[in-house]
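# Summary of structural features
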Amino acid sequence: SGCGGEKRRAVPLREGIGEDMRGTSCVVAAVCLFLCLGGGEGQRIENNGGHYRYGNIRWRQVQGNTVEITLTMSYRRDFQSAYWKGSGLDGLAVTGDTIQLNGKQWPVLSFGDETLTVGEYLKMQVTAYSVAENWVYGTSVVRHTYATPTNNGEGWLVRFQGCCKLSEVANLNERDAPWEISSTVNLLGDSASPIIAVLPVVSLPDTGAISFFAPAFSPLRDGGVTVQLGNPNTALTSTVTTFTTVLDEATGKVTIEFPGGVAPSESAQEGNFFFMTLNATGLGGHVQADFLIRIIRGAYQYRIPKIGHGTISSLNLPGATRPIINATLYPEAPPPPPPRRCRTRGDATRGLLVSLSCSLSQLRFPTLPRLWA
């Protein structure tokens, strides 16, 4: 039995992400012992501050009742742990490395059917990193087979939990707190979950009111997906700054109002972020994304890109030890001229060739914006 008498069995990861679960019962017992005895705030498995920055979960049906769950995550790169090393020149993880996820509490992925994957065997494939901004980003892919397509008609509840969130967070209820993102799997409703398309960090100017988009979509069809706040407590609350958050469920447009401006102590210049969690709900259930917002005060707020469709924009990003980046987004090319009329004359063979030539000349291919840096 586990903590509180709950029975769970550990299962191995698949698709080469994990390893055989040898000694899993001992690991589960150790994790539960720590959680039940409850090391206090000063007692950490890895005692060097919160490290979780971003989480995004989605799933798709592989075959029958087997699903593939994808976790996209970002963490503090310099988290001090024997499991957090990499092949970078500084000994930390870079693109192509694999990290075994751990923390104050070992991250656990539970599937809702009394099975779980212990964090010692949950690995992240690193796909991007930043030394200057101190983050590492990657994915973990896990396959799991359910006994039935639903849990007595309800979706199976998948939860990814661990500790701790980033320390430099202005939301007082989120600072160094445990994280959790969840999803429900209803294979009678759909064969894939919605996907939330949001950046790990959203930068906003200190203008008193600002909007950004965190759209969600179904990979199988158009429409049918709505976006909600994951929890009212994630709507930038428990802060010095007074926020009002409004969300358009149909488009994922998030509007944040803070008429008095961001408090200087909670701004990006002081190294602080805000956490926000969003839900996306479709036919197959819901998914969540947990991401950071930073609000930039003063002259630097005008360095945030503002690129509109059909406009030419330039941007300079200064850095103390990095070169200035110049980027220009070119708008779509003007529409092609109207197709010319074609007439066929002469013999049938010549007429066929002329008609074919005219048909090809009337084909129209979409043009895409070009980004030059």
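Everything numeric here is computed off the predicted structure, so don't read it as measured data. (Residues numbered from 1 in each chain as written. Predicted model: local features only at pLDDT ≥ 70, side-chain atom pairs only at ≥ 80, totals over all residues. Heavy atoms only, no water.)

### A few points about the sheet that holds strand S16 (residues 244–248)
Reading across the sheet, the three strands line up as S13-S17-S16 and stay open at both edges, with antiparallel pairing between neighbours. Whereas interior strands pair on both sides, the edge strands pair on one side only; in this sheet they are strand S13 (209–213) and S16. Taking the axes of each pair of neighbouring strands and ignoring which way they run, one obtains an average angle of 15° across the sheet. Relative to strand S17 (residues 253–257), S13 is paired through five bridges, and the arrangement is antiparallel. Across the sheet, the residue bridging to Ile210 is Ile256, located in S17. (Pairing = 2+ DSSP bridges. Helix = DSSP H or I, 4+ residues; strand = E, 2+ residues; numbered from the N terminus. Axes fitted to C-alpha atoms, helices over the stretch in contact; angles between N-to-C directions.)

### Here we look at the pairing of strand S19 (residues 285–296)
Buried residues dominate S19, accounting for eleven of its twelve residues. In the sheet, strand S12 (residues 201–205) pairs with S19 via five bridges, with the strands oriented parallel. Paired with Leu204 across the bridge in S19 is Ile295. In this structure, strand S18 (residues 274–282) lies alongside S19, joined through nine bridges in antiparallel fashion. (Buried < 20%, exposed > 50% of the residue type's maximum accessible area, 1.4 Å probe, protein only.)

### Side note on the state of the cysteines
In the structure shown here, the tally under the stated rule is one disulfide. A sulfur-sulfur distance of 2.0 Å marks the disulfide that ties Cys163 to Cys164. Across the S-S bond of Cys163 and Cys164 the torsion is about 80°, and the bridge reads as right-handed. Here Cys164 falls in the buried class, since its relative accessible area comes to 2%. (Disulfide = S-S within 2.5 Å.)

### Some thoughts on the side chain of Thr115
Structurally, Thr115 can be placed in strand S6 (residues 115–117). Note on Thr115: relative accessible area 2%, which makes it buried. A distance of 2.5 Å separates the side chain of Thr115 from the side chain of Asp113, its partner in a polar contact. (Polar contact = N/O pair within 3.5 Å; in protein donor to acceptor, adjacent residues only side chain to side chain.)

### Overview of the environment of Gly162
Along the chain, Gly162 falls in strand S9 (residues 156–163). We classify Gly162 as buried; its relative accessible area is 4%. In this structure, the C-alpha to C-alpha distance between Gly162 and Gly103, residues 59 residues apart in sequence, is 7.2 Å. When residues no more than four places from it in sequence are discounted, the contact partners of Gly162 are Gln105, Pro107, Pro178 and Trp179. (Contact = heavy atoms within 4.5 Å.)

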